[in-house]
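Single-letter residue listing:
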Amino acid sequence: MTPQTTPQMSPDDNLDIQSTHQSETILWLAQRISAMVLAVCILVHLGTIIYAVQGGLSAAEIIGRVGGSEAWLAFYVTFVLAITVHAPIGLRAILNEMTKLSRKRVDLLCFIGAVMLAYLGLKVAIRFYNLGVVS
Amino acid sequence: MKASHRNHPNYWAFVLHRVSGILLALFLPVHFQVLYLAIKKADVFDGFLHWAEMPLVKLAETVLVVLLAAHLTGGLRLLAVEFLPWRDGQKTVVALTGGASLVIGLVYLLNAA
């Protein structure tokens with residue numbers, strides 16, 4: 001018979017597991033809360049898409065609609081920030097489940113993705129707003 | 001005969017939610033960059049919009065709208081499963097989310113064409 005070995009857990013390991021559980025719970029909740037925000041944003045976005053596409057789109061038409069409007073700026077900033085939270089957490093779960101990448105590497109990739117989405121999205125939202133501001 | 005777990009609408013709803021999520025996440029940076037063109041080079045952007053008038057591109061846009069609508073309705077279904085009391089008839093809900101997504105896609109196509 002081969003001797004059975006049971007893995008010994010130090011108090012530090014226990015703390016690690018606890019903090020992992022806690023961060024997973026926070027990410028899970030962040031994913032759901034951002035989903036609720038996104039549900040409203042996407043309904044508005046789909047409505048806008050269907051309205052704006054009538055008669056064709058142009059740069060001038062988009063700038064005329066959203067430029068200088070605080071309400072649209074607030075909407076798009078909220079939209080981009082909710083996406084920044086939602087999409088990387090979803091991709092993280094998929095990458096952890098379906099690839100052999102280490103968890104640390106997946107976390108890093110998703111963090112970079114989140115920063116990129118926030119940068120690109122907020123840049124567009126703010127620049128569009130500024131184009132309509134009469135100085 | 002052993003029934004496969006894949007032979008169930010909820011499994012396909014899960015696949016659609018995952019695939020639409022990945023595709024939308026990949027599309028987003030492109031979407032933001034194209035919009036940035038409207039600010040930096042309006043003539044290039046309008047040229048791009050002219051290119052987007054082609055039927056095949058319109059069809060691709062419609063698929064994107066359906067993917068967005070499917071991720072929205074599928075996501076609402078998931079939130080209901082997780083946060084509301086359990087209800088029977090989950091297959092019906094899956095059918096409704098699929099139907100709603102296709103209707104939204106059709107409304108887009110009718111307005112864009």
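Note that the structure is predicted; figures quoted are calculated from it, not measured.

### Looking at the overall build of chain A
In step 1: Across its full length, chain A holds 4 helices and 0 strands.
In step 2: Since a compact globule built from 135 residues should have a radius of gyration of about 14 Å, the 22 Å found for chain A marks it as more spread out than a globular shape.
In step 3: Counting only C-alpha atoms, chain A reaches 80 × 30 × 25 Å along its principal axes.
In step 4: For chain A, long-range pairs separated by at least 24 residues make up 81% of all intrachain contacts whose partners lie at least 6 apart in sequence.

### Examining the overall build of chain B
In step 1: Looking only at helices and strands, chain B features 4 helices and 0 strands.
In step 2: Computed over its C-alpha atoms, the radius of gyration of chain B comes to 18 Å, more than 25% above the 13 Å expected for a compact globule of 113 residues.
In step 3: Viewed in the frame of its principal axes, chain B has a C-alpha envelope of about 60 × 30 × 25 Å.
In step 4: Counting only residues that meet the buried cut, chain B has 22% of its 113 residues in that class.

### As for the environment of A:Trp72
Residue and element names in this part refer to chain A.
In step 1: Along the chain, Trp72 turns up in helix α3 (residues 70-98).
In step 2: Take Trp72: there are 17 C-beta atoms within 10 Å of it, and that puts it in the partly exposed class.
In step 3: Taking the C-alpha atoms as reference points, Trp72 and Tyr129, 57 residues apart in sequence, are found 8.0 Å from one another.

### Considering the interface of chain B and chain A
In step 1: Taken together, the 28 residues of chain B in the interface contact 28 residues of chain A.
In step 2: Among the secondary structure elements, those contributing two or more residues to the side of chain B that touches chain A are α1 (9-40), α2 (42-51), α3 (55-83) and α4 (90-112) of chain B.
In step 3: Among the elements that line the side of chain B that touches chain A, the one with the most residues is α1(B), at 12 residues.
In step 4: Here the side of chain B that touches chain A is composed, by residue class, of 22 nonpolar, 4 polar and 2 charged.

### Observations regarding α3(B)
In step 1: For α3(B), built from 29 residues, the straight-helix expectation of 42 Å at 1.5 Å per residue is met to within 8% by its first-to-last C-alpha distance of 41 Å.
In step 2: If you follow the buried residues of α3(B), they end up packed against α1 (11-52) of chain A together with α1 and α4 of chain B.

### Considerations on the nonpolar core
In step 1: The biggest cluster of nonpolar side chains holds 28 residues, and the ones touching the most others in it are A:Leu38, A:Ile83, A:Ala125, B:Val65, B:Leu68 and B:Ala69.
In step 2: If you list the elements that add at least two residues to this core, you get α1, α3 and α4 (103-131) of chain A together with α3 and α4 of chain B.
In step 3: Here this core gets 7 residues from one element, more than from any other, and that element is α3(B).
In step 4: Discounting chain neighbours no more than four positions away, the residues touching A:Ile83 are A:Leu38, A:Leu117, A:Gly121 and B:Leu28.

### Describing the packing of α1(A) against α4(B)
In step 1: Following both chains from N to C, one finds α1(A) and α4(B) inclined at 25 degrees, their axes separated by 8 Å at the closest point. With respect to each other, α1(A) and α4(B) are oriented roughly parallel. Within the contact between the two elements, α1(A) uses A:Leu46, A:Ile49 and A:Ile50 and α4(B) uses B:Ile104, B:Val107, B:Tyr108 and B:Asn111.
In step 2: Residue classes in the contact of α1(A) with α4(B) are distributed as 6 nonpolar, 1 polar and no charged.

### Comments concerning the environment of B:Trp12
In step 1: Tracing the chain through its elements places B:Trp12 in helix α1.
In step 2: On the basis of neighbour count, B:Trp12 is assigned to the partly exposed category, with 13 C-beta atoms found within 10 Å.

### Considering the environment of B:Phe48
Residues and elements named next belong to chain B.
In step 1: Looking at the element boundaries, Phe48 is found in helix α2.
In step 2: When the 15 C-beta atoms within 10 Å are taken as the criterion, Phe48 is described as partly exposed.
In step 3: For Phe48 and Tyr108, which are 60 residues apart along the polypeptide, the C-alpha to C-alpha distance reads 19 Å.

### Comments concerning the packing of α3(A) against α4(A)
When two helices pack together, you describe them by how their axes are tilted relative to each other and by the distance separating the axes.
All names here are of chain A.
In step 1: Look at α3 against α4: their axes get within 9 Å of each other, and the N-to-C directions meet at 165 degrees. Between α3 and α4, the angle falls in the class roughly antiparallel. Here α3 and α4 pass one another in a crossing that is right-handed.
In step 2: Along the lines of polarity and charge, the residues of the contact of α3 with α4 split into 18 nonpolar, 4 polar and 3 charged.

### What to know about the confidence of the model for chain B
In step 1: Per-residue confidence for chain B gives a mean pLDDT of 91; residues scoring 70 or more make up 97%.
In step 2: Confidence, read as mean pLDDT per element, is least for α2(B) in chain B (88) and greatest for α3(B) (95).

### Observations regarding the confidence of the model for chain A
In step 1: With 93% of its residues at a pLDDT of 70 or more, chain A shows a mean pLDDT of 90.
In step 2: When pLDDT is averaged over each element of chain A, α3(A) comes out on top at 97 and helix α2 (residues 59-66) of chain A at the bottom at 88.

Cut-offs used in this document
Residues numbered from 1 in each chain as written. Chains lettered and ligands numbered in written order. Predicted model: local features only at pLDDT ≥ 70, side-chain atom pairs only at ≥ 80, totals over all residues. Helix = DSSP H or I, 4+ residues; strand = E, 2+ residues; numbered from the N terminus. Rg over C-alpha atoms; globule rule 2.2 N^0.38 Å. Contact = placed C-beta atoms within 7 Å. Buried ≥ 20, exposed ≤ 12 C-beta atoms within 10 Å, placed from the backbone. Nonpolar A, V, L, I, M, F, W, Y, C, P; charged D, E, K, R; others polar. Expected span 1.5 Å × (residues − 1). Core = buried A, V, L, I, M, F, W, Y, C linked by C-beta atoms within 7 Å. Axes fitted to C-alpha atoms, helices over the stretch in contact; angles between N-to-C directions. Parallel < 35°, antiparallel > 145°, perpendicular 65-115°, else oblique. Left-handed = near helix turned anticlockwise from the far one by under 90°. pLDDT = per-residue confidence, 0-100.

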